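Okay, here's what each chain looks like letter by letter:
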Amino acid sequence: MQEVIGSTPIFSTKGNHNGCLFRFRHMPHYIYILYSEKVDRYYVGSCQDITDRLGRHNAGYSKSTKAGAPWQLKHIEEYDTNSKAITRETEIKRKKSRKYIEWLISSAG
């Protein structure tokens, strides 16, 4: 294998990597709760990049949240897999309870 010249590789091309050239960084998944004063509503969602997702909600990219902009991030939970985050998001949504969401927000602090 030829060494990379003229750049700084992120991953070394030398050494034993157990047969794998690249190692990937684990990306956490999140569930989040947003609140809009404008429409007095909460929104529950999941994603990998909270900053990007909040920006997209506030820019009107999501039909279901467009009318409520600006949204405020009120609660966040981190999970190691997308399926765990989606399971938790579904659990919160199935309760259909504003009181539960407000309890989650207040108990997290």
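Quick note: structure is the one above.
Each chain has its residues counted from 1, following the order in which its sequence is written. Confidence filtering applies because this is a predicted model: local features only for residues at pLDDT of at least 70, side-chain atom pairs given and counted only at 80 or more, and all residues used for totals across whole chains, interfaces and linings. Water and hydrogen atoms play no part in the side-chain values, which are based on all heavy atoms of the structure.

**A word on the packing of aromatic side chains**
Move 1: Ring pairs are drawn from Phe, Tyr and Trp, using the six-membered ring of Trp, whenever the two centres fall within 6.5 Å, and their geometry is named by plane angle: stacked under 30 degrees, edge-to-face over 60, tilted for the rest. Here the structure, examined in full by the defined rule, presents 4 aromatic pairs.
Move 2: When the centroid spacing of 6.3 Å and the interplanar angle of 35° are considered together, the rings of Tyr32 and Tyr43 count as tilted. Here Tyr43 lies in strand E2 (residues 41-47) and Tyr32 lies in strand E1 (residues 29-36), a separation of 11 residues in the sequence. One exposure class covers both Tyr32 and Tyr43, and it is buried.
Move 3: Taking 4.8 Å as the distance between ring centres and 45° as the angle between the ring planes, the aromatic pair formed by Tyr35 and Tyr42 counts as tilted.
Move 4: In this structure Tyr42 comes out as partly exposed when scored by relative accessible area, which is 24%.
Move 5: Feature note: the residues Tyr32, Tyr43 and Trp71 constitute an aromatic cluster, connected by ring pairs.
Move 6: Look at NZ for Lys and CZ for Arg. If either is within 6 Å of the ring centre and within 35 degrees of the ring normal, a charge sits over the ring. Over the face of the ring belonging to Tyr61 we find Arg56, whose NZ or CZ atom lies 4.9 Å from the ring centre.
Move 7: When the ring centre of Tyr100 is taken as origin, the NZ or CZ atom of Lys95, which lies over that ring, is 4.8 Å away. Secondary structure is summarised from DSSP: a helix means a run of H or I of at least four residues, a strand means a run of E of at least two, and numbering begins at the N terminus for each. Exposure is judged per residue with a 1.4 Å probe applied to protein chains only, and the accessible area is read against the type maximum: over 50% gives exposed, under 20% gives buried, and values in between give partly exposed.

Note that every value here comes from positions in space, so none of it alone points to a role or purpose.
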